[in-house]
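# Report on the structure
So the chains spell out like this:
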Amino acid sequence: MVDSLADCRNQWQRNNVDSIQEAGADSPIDCESETYSNRVHYCLVTSLVGRPLHEYQSVKELLKALRDAIRGYRSLLEDGKILYQDISENNIIITELLTKEAPKGRLIDLDLIEELDRDMGKNRFENIIVEFALKFKNLKPLARELRSTLFPIRDGDIFTSTFHDHDIMYDGMINAFNVAISHLGQE
């Protein structure tokens, strides 16, 4: 039984030593044969921690799992400033309760999350502006206006909720582009 990635690589090397030697390589990294190319493949093996959402055993269990998943979304956004961008029935599992307070539903597959403070935070946004290429330096006011339209500062914190009036967001972005276009004049 292989218990680490290093053991996997070492076992592969032991099993394929003849192919490596036939290719005249001193190490698997030097080997350019069809048998081995300089790639690293990883396999993560875990034990099951829950059941797919569609395998609910009662309506009550399904509702508890969905409620707890919503709590998870909320916690990611409010506590972690993380936007979970892959909401689907395939990314919620039903867990067996270890304690009465433990969540019945859990979020999985967090590879598409977005850290909200990383790009749009009130103190970090200027670091992005500094990186603009010279030919785009005149667009810094546009970027600032788009940021303040999409992620305004309210009560001293960045606003990441949904606008109830979509015109606020779309009209603000369109107006910001119109101002930037008029400032560019004739190029």
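Model, not experiment: these values are computed from the prediction. (Residues numbered from 1 in each chain as written. Predicted model: local features only at pLDDT ≥ 70, side-chain atom pairs only at ≥ 80, totals over all residues. Heavy atoms only, no water.)

## Some thoughts on the confidence of the model for the protein
A residue-level look at the protein finds 75% of positions with pLDDT of 70 or above and a mean pLDDT of 77. Confidence, expressed as mean pLDDT per element, reaches its minimum in the protein at helix H2 (residues 17–22) with 56 and its maximum at strand S3 (residues 92–94) with 93. A low-confidence stretch, residues 30–34 (pLDDT under 50), is modelled with 6 contacts involving residues beyond four sequence positions or located in other chains. (pLDDT = per-residue confidence, 0-100. Helix = DSSP H or I, 4+ residues; strand = E, 2+ residues; numbered from the N terminus. Contact = heavy atoms within 4.5 Å.)

## Regarding the packing of aromatic side chains
One pass over the full model with this rule turns up 1 aromatic pair. Taken together, a centroid distance of 5.3 Å and an interplanar angle of 50° make the contact between Tyr73 and Tyr84 tilted. With Tyr73 in helix H3 (residues 59–78) and Tyr84 in the loop between strand S2 (82–83) and S3, the pair connects residues that are 11 residues apart, well separated along the chain. The exposure class assigned to Tyr84 is buried, which follows from its relative accessible area of 7%. (Phe/Tyr/Trp six-rings, centres within 6.5 Å; stacked < 30°, edge-to-face > 60°. Buried < 20%, exposed > 50% of the residue type's maximum accessible area, 1.4 Å probe, protein only.)

## Regarding the nonpolar core
Among the nonpolar cores identified, the biggest contains 11 residues, and these are Leu53, Leu62, Ala65, Ala69, Tyr73, Leu76, Ile82, Tyr84, Ile92, Ile94 and Leu107. If you list the elements that add at least two residues to this core, you get H3 and S3. Tallying contributions element by element places H3 first for this core, with 5 residues. Aside from chain neighbours lying at most four places away, what touches Ala65 is Leu53, Ile92, Ile94, Lys104 and Gly105. (Core = buried A, V, L, I, M, F, W, Y, C linked by side-chain atoms within 4.5 Å.)

## A closer look at the side chain of Asn91
Here Asn91 shows up in the loop between S2 and S3. Excluding its chain neighbours within four sequence positions, the residues that come into contact with Asn91 are Tyr84, Asp86, Arg106, Leu107, Ile108 and Asp109.

## With respect to H3
Think of an α-helix as 3.6 residues a turn; residues three or four steps apart then line up on the same face. Relative to the 28 Å expected for 20 residues at 1.5 Å per residue, H3 spans 28 Å between its end C-alpha atoms, a close match to the ideal helical length. Residues Glu61, Leu62, Ala65, Asp68, Ala69, Tyr73 and Leu76 constitute the buried set of H3. Down the axis of H3, the sector holding all buried residues measures 150°, keeping them to one side. Of the residues in H3, the exposed ones pointing more than 90 degrees away from the buried face are Val59, Lys60, Leu63, Ile70, Arg71 and Arg74. Next to the buried residues of H3 lie strand S1 (51–52), S2, S3 and strand S4 (105–107). (Expected span 1.5 Å × (residues − 1). Arc of directions from axis to C-beta.)

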